[in-house]
Structure formats: C-alpha cells, structure tokens
Amino acid sequence: MGTETVRTPAADDAAGRRRQQRGWYFYDWACSVYSTSVLTVFLGPYLTSVAESAADTDGFVHPLGIPVRAGSFFAYSVSLSVIVAVLVMPLVGAAADRTGRKKPLLGAAAYLGAAATAGMFLLDGDRYLLGGVLLVVANAAQSVAMMLYNSYLPQIAPPEERDAVSSRGWAFGYAAGALVLVANLVLYLAHDTFGVSESMAVRICLASAGLWWGAFALIPLRRLRDRRSPARETTVTGWRQLAATVRDMRRHPLTLAFLLAYLVYNDGIQTVITQASVYGSEELGLGQSTLIGAILLVQVLAVFGALALGRLARRYGAKRTILGSLAAWTLILVAGYFLPAGEPEWFFVLAAGIGLVLGGSQALSRSLFSHLVPPGKEAEYFSAYELSDRGMSWLGPLLFGLTYQLTGSYRDAIISLVAFFVLGFGLLARVPMRRAVSDAGNPVPERI
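Residues numbered from 1 in each chain as written. Predicted model: local features only at pLDDT ≥ 70, side-chain atom pairs only at ≥ 80, totals over all residues. Heavy atoms only, no water.

**Focus on the packing of aromatic side chains**
Tallying each qualifying case throughout the model produces 26 aromatic pairs. Between Phe-26 and Trp-29, the aromatic rings sit 6.2 Å apart at their centres with planes inclined by 65°, giving edge-to-face as the arrangement. Of this pair, Phe-26 and Trp-29 both sit in helix H1 (residues 9–54), 3 residues apart, roughly one helical turn. The class of Phe-26 is partly exposed, set by a relative accessible area of 23%. (Phe/Tyr/Trp six-rings, centres within 6.5 Å; stacked < 30°, edge-to-face > 60°. Helix = DSSP H or I, 4+ residues; strand = E, 2+ residues; numbered from the N terminus. Buried < 20%, exposed > 50% of the residue type's maximum accessible area, 1.4 Å probe, protein only.)

Now the structure itself:
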C-alpha cells in the first residue's frame, strides 16, 4: 500500500518560488547574447563600415540633414539610445509598481528589442540610418527590460537567497553569451566554407541574437508571476517621475549612499570593459582574433566567477565580497599598466582576471541593492539603479580619453581608472548595510 505525500502550503510556496527563480534565470540567458555578440563584437565595426559606404567624399553622413562623421555614427547612436532609455525607464518603472503588471511590460520591452535586433539582418549596402534606428530601439528596450527584470529579484527570493539567485542569473547570461559567440565566430571566420559572404555572416550573427532573445524570453514570461498592487493615483511622467523617485530616496539616505558608491565603481567597470580592446589593439599591438578570443575567455570565466563570488558572499557577506572584488579590479589595472606589448599570453591572463571578478561584482551589487529598496517600489527604484548602470557611465570614458589626449599614453589612460575603484571602495565601505536594510523597511539577513 503506497503512501501519499502531503504538501504543505509552505512547501507549495517554496516550489513556486523555485519555479519562478528558474524562469528568471532564463531572461539573462535570453538577452545577454545581444550584449555580447551584437554590442561588444559585431555591430560597432559593421555599422561603421555601412556608414562609411554611405558617406560623402569628406567622410560624412547626413542623418536628418545633420553632418556626422561616419566613424562616429555608432557611438552617437549608442548615446541616443541611452537618452531614450533615461526618458522611458522612470515612466515604465512607476507604471509597473502602480499597476503590479510588470510581466506585460517586460514582454513588450523584450520583444521590441528582439525584433529590432532580428531586423539588423536587413543592414546591407548603405542602410546606415536603418541601423542607427534599430540600435536605438534595441538598446533602449534592453535597458527598460533589464530594469523590470531586476525588479523581480526581491519578489522571487527571500533576503538570504538573493546573493545566490542574482549570481546564478549572471552566470546563466555569461554562459549563453559564450555559447552563441562560439557559434558566431565559427560562422564568421569560416564564412567561405559555408558559402556566404563576410557581410552576410555578420548579418546572420546579428539577427540570430534577436531570435535567441525572443525564443528564450518565453520561459520567464511563462513562469514569473505578477504581484498585484493597490491602484495609486499619479500623473507624473518621465523626468518628473525620476525626480519624484530621487526625492523619495532622500528619505532613505543610506540607499542613496550605496547607489552613489555603485555609480562610481560601476563606471570604472564599464570603462574597462569598453576600452580594454582599444588598449589591446593600440597599446599592445594585438590582432582582432586575439581580442575576440580574450572576450570569449572573459565570458566563460565570468560564469565561474559569478558563482564563486556568490558562494563567498554566503560566507562573508555581499558587502565584504564586493569590496574584495574592487581590490582585485585595482590590482588588475595595475597589472595591465605593466603588460608588455606584442605578448598576447599576458593579455589573456589579464582577461582571465577580469572574467573572474566581472560577473560576481555585478551580480552581488544587484542583490545588495535589492535589500535597500522599500517594499512596493521595486521597479521604480530599479529604474534609478539601471540608470546608474547604463545611463551614467560616461565619466570613465571621459577620463580615459582626456588622459590619453594629455599624455599620449594608453598606459596612463588605463591606470587613471584606478581612481573609480579606490573611491568606490571608500564610499561602499562607509555604508552601514544592516542599518540601511532596516531603514528601507526590509528584514535584515544574517550576512549582508
């Protein structure tokens, strides 16, 4: 005679939470391919070449009648996408919190971005303007979707689980980025074998990222559940909503203090990511294949780094682990300053170091911030967090560019970024995390 397992409401709740967490991981798996294959590797050089083919004899294109140097078109398009995201995110975040309907908004943003990315298959000939429009739409949609995605973390994970859950999400994303990048590189490097041109191979790589994004976004959209919120009257939009969020944050000064620290050290992280290839090619004289191989190594090791730092956070607390990662970032930059030119093996060692701290420092920052968000304002506060992550990372590139302009040395430029990690370390060390969590109205985990 068999026995029947009786499930308690607590067990059902735990099982439902695990199901949501597994679905949540898959959004990182879905969208990280866009960040890796499209933004980091293929789109910049390809869109620049398309713009150059459309340029006049002086090297300028004229979108909407405005003269723009072809080589600057990609950078300007990225900047415009950030401006669009800054305008839209506070509005969407407030609407998500007000209605409790995050999932339809997440789906709309995800599929708008995926469709724009898949549409990049049409970027042939001199269609640079189409490329700019698709980039602005995809990048802004990705920022909005990530803000909504991050805001689910406090709902699907209790305080003691958030470091591990956030770290697994980042690990899923880096694993997908590495997997698809390998397939993309096989097609790109052996395009003649597959009977396609180099241009067609790049367009297939771009479009495949959109298809991947859209296909795997179905999983979180099926598994995540919305938490209904009482209707709240509001008429504020855009910048007014962002201003209202910042005013509300002033009631939680320790949350603001953490956000300031994150803004500083994340600016350094983002600058290292975007400028490492420039440093490798211009200062160290490394070829494109070496640089792409280093990017792939970062992706692979970031999976293990995110999981490893998540384990350390369970033992030592997220704050201490992030502080340790910032010290490691500082050592990596110092080592980078002394790298010998023309010796790619040392550049791969540097890339390995970046990979091991990259995912963990980002994942733990996300989980730590989730403890500092007042209940019911997750999307609204994460819109400010996402702005810090994506919309405010301009001081680092500015310092990098000015240092190079004044000294003529990329080594001086790369070492100047140490300032962001030292200052970010100092600001974060001063934040009393347990009191910050309590002041936000959240339960304080055993280790924070």
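**Here's the deal with a positive patch on the surface**
Together, Arg-19, Arg-22, Arg-222 and Arg-225 give the surface a local cluster of positive charge. You can see Arg-19 is positioned in helix H1. (Patch = residues over 30% accessible without salt bridge, like charges linked within 9 Å, V, L, I, M, F, W, Y side chains within 5 Å. Areas by Shrake-Rupley, 256 points an atom, 1.4 Å probe, with all protein chains shown as cover. Salt bridge = Lys/Arg side-chain N within 4 Å of Asp/Glu carboxyl O. Lys, Arg positive; Asp, Glu negative; His and termini not counted. Charge placed at Lys NZ, Arg CZ, Asp CG, Glu CD.)

**Some points on the packing of helix H6 (residues 162–189) against helix H13 (residues 344–370)**
Where H6 meets H13, the closest approach of the two axes is 8 Å, and the angle between their N-to-C directions is 140°. Regarding the angle of H6 to H13, the classification is oblique. As for how H6 packs across H13, the hand of that crossing is right-handed. From H6, Arg-162, Asp-163, Ser-166, Ser-167, Gly-169, Trp-170 and Tyr-174 reach across to H13, where they touch Leu-358, Gly-359, Gln-362, Ala-363, Leu-364, Arg-366, Ser-367 and Ser-370. (Axes fitted to C-alpha atoms, helices over the stretch in contact; angles between N-to-C directions. Parallel < 35°, antiparallel > 145°, perpendicular 65-115°, else oblique. Left-handed = near helix turned anticlockwise from the far one by under 90°. Contact = heavy atoms within 4.5 Å.)

**Focus on the packing of helix H12 (residues 318–337) against helix H17 (residues 418–429)**
Where H12 meets H17, the axes come as close as 9 Å, and the angle between the chain directions of the two elements is 165°. Looking at the two axes, H12 sits roughly antiparallel to H17. Handedness of the H12/H17 crossing: left-handed. Taken together, the residues of H17 that come into contact with H12 (itself represented by Lys-319, Ile-322, Leu-323, Leu-326, Trp-329, Thr-330 and Leu-333) are Val-418, Phe-421, Gly-424, Phe-425, Leu-428 and Ala-429. Classifying every residue of the contact of H12 with H17 gives 10 nonpolar, 2 polar and 1 charged. (Nonpolar A, V, L, I, M, F, W, Y, C, P; charged D, E, K, R; others polar.)

**Looking at the pattern of salt bridges**
Summed over all chains, the structure comprises 6 salt bridges. Among the ionic pairs, Glu-161 bridges to Arg-17, the shortest N-O distance being 3.2 Å. With Glu-161 in the loop between helix H5 (153–156) and H6 and Arg-17 in helix H1, this residue pair connects regions lying 144 residues apart in the sequence. Classification of Arg-17 as partly exposed rests on a relative accessible area of 23%. Residues joined in a network through salt bridges with shared partners are Arg-17, Arg-18 and Glu-161.

**Points about helix H10 (residues 253–283)**
Helix length check: H10 (31 residues) gives 42 Å between terminal C-alpha atoms against 45 Å at 1.5 Å per residue, within 8%. By the largest-angle criterion, Gln-275 marks the main kink of H10, which is about 45°. Of the residues trailing H10, Gly-285 is marked for its positive phi of about 65°. (Expected span 1.5 Å × (residues − 1). Bend = angle between axes of the 7 residues up to and from the residue.)

**Points about the side chain of Thr-271**
Within the element layout of this structure, Thr-271 appears in helix H10. Here Asp-267 takes part through its backbone oxygen, which lies 2.7 Å from a polar atom of the side chain of Thr-271. Not counting residues within four places of it along the chain, the set of residues in contact with Thr-271 comprises Ala-276, Gly-396, Pro-397, Phe-400 and Leu-417. (Polar contact = N/O pair within 3.5 Å; in protein donor to acceptor, adjacent residues only side chain to side chain.)

**Things to note about the side chain of Ser-409**
With respect to the element layout, Ser-409 can be found in the loop between helix H15 (395–407) and helix H16 (410–416). Separated by 3.2 Å, the side chain of Ser-409 and the backbone nitrogen of Arg-411 make a polar contact. A polar atom in the side chain of Ser-409 sits 3.2 Å from the backbone nitrogen of Asp-412.

**Notes on H15**
Here H15 spans 18 Å end to end across 13 residues, near enough to the 18 Å set by a 1.5 Å rise per residue. Three or more residues of H15 are buried, namely Gly-396, Phe-400 and Thr-403. Along the axis of H15, the buried positions cluster into a sector of 70°, meaning they face one direction only. Among the exposed residues of H15, those pointing more than 90 degrees away from its buried face are Gln-405 and Leu-406. (Arc of directions from axis to C-beta.)

**Remarks on unusual backbone geometry**
Phi at Leu-64 is positive, roughly 55°, even though this residue is not glycine. Of note, Leu-64 is situated in the loop between strand E1 (60–61) and strand E2 (68–69). Overall, Leu-64 belongs to the exposed group, its relative accessible area being 81%.

**Focus on the environment of Trp-24**
Looking at the secondary structure, you find Trp-24 in helix H1. Non-local contacts of Trp-24, meaning those with residues more than four positions away in its chain, are made with Tyr-149, Tyr-152, Leu-153, Ile-156, Val-165, Ser-166, Gly-169, Leu-224 and Arg-366.

**Let's talk about the environment of Tyr-337**
Tracing the sequence through the fold places Tyr-337 in helix H12. C-alpha separation for the pair Tyr-337 and Leu-427, spaced 90 residues apart in sequence, amounts to 25 Å. With residues up to four places along the chain from it excluded, the contact list for Tyr-337 reads Tyr-279, Arg-411, Asp-412, Ile-414 and Ile-415.

**Digging into the confidence of the model for the protein chain**
For the protein chain, mean pLDDT is 86; residues scoring 70 or higher make up 92% of the total. Predicted confidence for residues 1–9 stays below pLDDT 50, and this span has 2 contacts to residues more than four positions away or in other chains. Low confidence marks residues 231–235, where pLDDT is under 50. Its contacts with residues over four positions away, or in another chain, come to 8 contacts. (pLDDT = per-residue confidence, 0-100.)

**Section: a nonpolar patch on the surface**
Residues Leu-80, Ile-83, Leu-87 and Val-88 make up a contiguous nonpolar surface patch of roughly 310 Å² in combined accessible area. Examined against the element boundaries, Val-88 turns out to sit in helix H2 (residues 73–99).

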